[in-house]
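A structural walkthrough
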Amino acid sequence: MLVINPTNGNAVSMRWARRALDRAGHDLLIASHSDRAAIWLPAPTGASEVAWSKGFSADALASETSHLDRDHLSRLSLEGIPITVDVAGSQQKRNGSDKPRVYRSKALWPLTFDGSLIGVAGCYFRRPRQWGDADLKRMAAFIQQTSSSLHHAQRLDADISEHVRTAGLFHLTEALNQNDDPEAMAVIVLDSVLELLPAESGAVLLLDRHQIYLRVSAARGAPEQWLGQLLPRQEGLPWRCLIAGRVYLTQPAEAGRRSSVEEMPLGQGVAVWAPVCAGPRALGVLALALGDGAQPTEEVRAFVEHAAQIAGNALRRGLLMQGLQQTQLEVVLALANAVNARDEYTGDHSKRLAPLAEATARRLGCSEDELEDIRWGAMLHDIGKIAVPDPILLKPGPLTEDEWEIVRRHPERGEAIVRTVDALRRTATLIRHHQERFDGKGYPDALDGDHIPLGARILAVVDAYSAIRDRRPYKESRSHGEAVAELRRCKGTQFDPKVVETFLSVVEAVPMGA
């Protein structure tokens, strides 16, 4: 039976060490002519851990491991020579658990490389075993070869793991470069690091823009109970890590101790806390709980620090993009307000459209994302008119064909303005098509029927109703009844019939005046 504790060494790859142990164990049985055997490796705690065994029950193996640590390990480590034991009267001797021993004699061989103990090989016999000089020399040569093979297999696994982690950091950088949302980035970072380390749980806490709170933005495992919670400034371990700007290590919380978001015990293992920074700017904290019994090696600490640095640079870019998008949105809203301010007759036209368009879309079964797009579309659908000169926009009489050509460009210009804001890209499409006709005779692309986005078909109906009801420089306001009659007259040609009837069911439920 081959047993390897996954917290021992590197969690990414133990393939070659497993093969070496399996081969060494079976060869040990043959070379020593023993009835059963075991191989132990040093555990991160300093005790011994069974890596391979054959012929033992679980209780017997636990007893032998205890004997090894208590009676033999320090001698094997210091002297580097085998220990042979002949247990006289084995059926009467007890091993401390009131059970007879499963062997009559044993030999423990230190596995060493460059003077360091890297493991112990144990051979067990049902009968007394006498070791002659030839036997000892033959076994010593075998043990030396086994030690070298195991060491090189472990180094090969470590190199492979380092390569995997390096590649993982590269893929992490690629994934972050394709995203500008800090909250989504936090999830990407946490999932990537947990996949590449012997970690059981973790969290990413991000600093708010006023630097007052740390928010638990991503969590896996034990910390999920605190997802979304805010940690006030300078309270708890995450803030100490962030302010100090260095990695912290914490032991698991004591049993029965009440946990809180301020301390945030992450799991059963040692926790690693790393500040997420971009240069001198602090942005958050990456916290990980290693598997039970695992210890943070220098390689693990360096990997966590490197991942936190990559996360910091990506988050800074994301925050800069957010700021840019907010600035662009403010510019777009300012342009929309400028359009409304130019026309004293229809200054609040866009604001009045929004609730009617949203109510119609909701009755048509649009999703929350679609409702958001339509709300923005209603408020910004005429923003392209910023490029229409006042003499044309406010002309009290009929427009010439050249003037109409200028007016008909406003959906495309509106789309171009709004598309600069990433969050409004779908809205920009609605703005482009809100002057299309159901029969395909509209502009700018002459789309027809369902080829016109539903949001644009809704805006077309609501915009037309408002245009009929509004007073304009070239016409007087018309009644609600006249507007309803006009919409129904144009069903199937200018407007989507289903949208018209749905919209009318909305306005009929709301008092609209005569």
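Note that the structure is a prediction, hence the values are computed from the model and not measured.

Next up on the list: the pairing of strand S2 (residues 48-54). Taken across its seven residues, S2 has six buried, putting it largely inside the fold. Here strand S1 (residues 36-42) pairs with S2 via six bridges, running antiparallel. Residue pairing across strands places Trp 40 opposite Val 50, the latter belonging to S2.

So, on to the sheet that holds S1. Here five strands make up an open sheet; going across it, the order is S2-S1-S5-S4-S3 and the pairing antiparallel. Edge positions in the open sheet fall to S2 and strand S3 (83-86), since each of these has one partner strand only. Strand-to-strand twist across the sheet, computed as the mean angle between neighbouring axes with direction ignored, equals 20 degrees. Strand direction decides the pairing type here: S1 and strand S5 (residues 116-125), joined by five bridges, are antiparallel. Looking at S5, one finds that Ile 39 is bridged to Ala 121. Relative to the sheet, helix H2 (residues 58-79) contacts S1, S2, S3, strand S4 (105-113) and S5, its axis offset from that of S2 by approximately 120 degrees. Along the sheet, helix H3 (residues 133-177) contacts S1, S4 and S5; its crossing angle with S4, the most-contacted strand, is approximately 45 degrees.

A separate point is helix H5 (residues 237-244). Taken together, the buried positions of H5 are occupied by Leu 237, Pro 238, Trp 239, Cys 241 and Leu 242. Contact partners of the buried residues in H5: strand S6 (199-207), strand S7 (213-220), strand S8 (230-232), strand S9 (248-250), strand S10 (271-278) and strand S11 (281-290). Looking one or two residues beyond H5, the residue adopting positive phi is Gly 245, at roughly 70 degrees.

A few words on the packing of helix H13 (residues 454-469) against helix H15 (residues 497-508). Where H13 contacts H15, the two axes come as close as 10 Å, and the packing angle between them is 55 degrees. Considering the angle they form, H13 stands oblique to H15. Crossing of H13 against H15: the hand is right-handed. Contacts between H13 and H15 involve Leu 454, Arg 457, Ile 458, Val 461, Val 462 and Tyr 465 from the first element and Val 499, Val 500 and Phe 503 from the second.

Let's shift gears to the pattern of salt bridges. Pairing between side chains of opposite charge can happen when their charged atoms approach one another. Evaluated as defined, the whole model comprises 31 salt bridges. Notably, a salt bridge pairs Arg 426 with Asp 373, separated by 2.7 Å at the nearest N-O pair. Of this pair, Arg 426 sits in helix H12 (residues 425-433) while Asp 373 sits in helix H8 (residues 368-380); the two residues are 53 residues apart in sequence, bridging distant segments of the chain. Among the residues examined, Asp 373 registers a relative accessible area of 8% and is labelled buried.

Quick look at the nonpolar core now. The nonpolar side chains of a soluble globular protein tend to be buried with one another. Formed by 33 residues in total, the largest nonpolar core has its most connected members in Val 193, Leu 197, Leu 286, Leu 288 and Val 304. Elements supplying a minimum of two residues to this core: H3, helix H4 (182-196), S6, S10, S11 and helix H6 (298-342). Examining the composition of this core, we find that nine residues originate from one element, H6, more than from any other. In this structure Val 193 touches Leu 286, Leu 288, Phe 303 and Ala 307, once residues within four positions along its chain are discounted. Listed in part, the 32 residues of the second largest apolar core include Ala 357, Leu 459, Val 461 and Leu 504.

Strand order in the open sheet formed by six strands is S8-S7-S6-S11-S10-S9, and the pairing between neighbours is antiparallel. Unpaired on one side and paired on the other, S8 and S9 mark the two borders of the sheet. On average, adjacent strands in this sheet sit at an angle of 25 degrees to one another, irrespective of strand direction.

What follows is about the environment of Ser 479. As for its position among the elements, Ser 479 is in the loop between H13 and helix H14 (480-489). Sequence separation between Ser 479 and Ile 468 is 11 residues, and the spatial gap between their C-alpha atoms is 8.0 Å.

On to the packing of aromatic side chains. Scanning the model with the defined rule gives five aromatic pairs in all. Ring geometry for Phe 56 versus Tyr 124: centroids 4.9 Å apart, planes at 85 degrees, classification edge-to-face. Residue Phe 56 is found in the loop between S2 and H2, and its partner Tyr 124 is found in strand S5; the two are separated by 68 residues along the sequence. Taking 5.0 Å as the distance between ring centres and 65 degrees as the angle between the ring planes, the aromatic pair formed by Tyr 103 and Tyr 124 counts as edge-to-face. Taken as a pair, Tyr 103 in the loop between S3 and S4 and Tyr 124 in strand S5 lie far apart in primary sequence, 21 residues in all. You'll find Tyr 103 and Tyr 124 in the same group, each marked buried. The structure contains a cluster of three or more aromatic residues connected by ring pairs, namely Phe 56, Tyr 103 and Tyr 124.

It is the contact of H6 with H8, at a shortest axis distance of 10 Å, that shows an interaxial angle of 45 degrees. Taken together, the axis directions place H6 and H8 in an arrangement best described as oblique. Only Trp 376, Met 379 and Leu 380 of H8 make contact with H6, whose side of the interface consists of Leu 329, Val 332, Leu 333 and Ala 336. Among the residues making up the contact of H6 with H8, the classes are represented as seven nonpolar, no polar and no charged.

Time to look at the environment of Leu 447. With respect to the helices and strands, the residue Leu 447 is situated in the loop between H12 and H13. For Leu 447, a relative accessible area of 22% puts it in the partly exposed group. Taking the C-alpha atoms as reference points, Leu 447 and Gln 435, 12 residues apart in sequence, are found 9.8 Å from one another. Those residues within four positions of Leu 447 in sequence are excluded, and the remaining contacts are His 433, Glu 436, Arg 437, Gly 440 and Ile 452.

How each quantity is defined
Residues numbered from 1 in each chain as written. Predicted model: local features only at pLDDT ≥ 70, side-chain atom pairs only at ≥ 80, totals over all residues. Heavy atoms only, no water. Buried < 20%, exposed > 50% of the residue type's maximum accessible area, 1.4 Å probe, protein only. Helix = DSSP H or I, 4+ residues; strand = E, 2+ residues; numbered from the N terminus. Pairing = 2+ DSSP bridges. Axes fitted to C-alpha atoms, helices over the stretch in contact; angles between N-to-C directions. Contact = heavy atoms within 4.5 Å. Parallel < 35°, antiparallel > 145°, perpendicular 65-115°, else oblique. Left-handed = near helix turned anticlockwise from the far one by under 90°. Salt bridge = Lys/Arg side-chain N within 4 Å of Asp/Glu carboxyl O. Core = buried A, V, L, I, M, F, W, Y, C linked by side-chain atoms within 4.5 Å. Phe/Tyr/Trp six-rings, centres within 6.5 Å; stacked < 30°, edge-to-face > 60°. Nonpolar A, V, L, I, M, F, W, Y, C, P; charged D, E, K, R; others polar.

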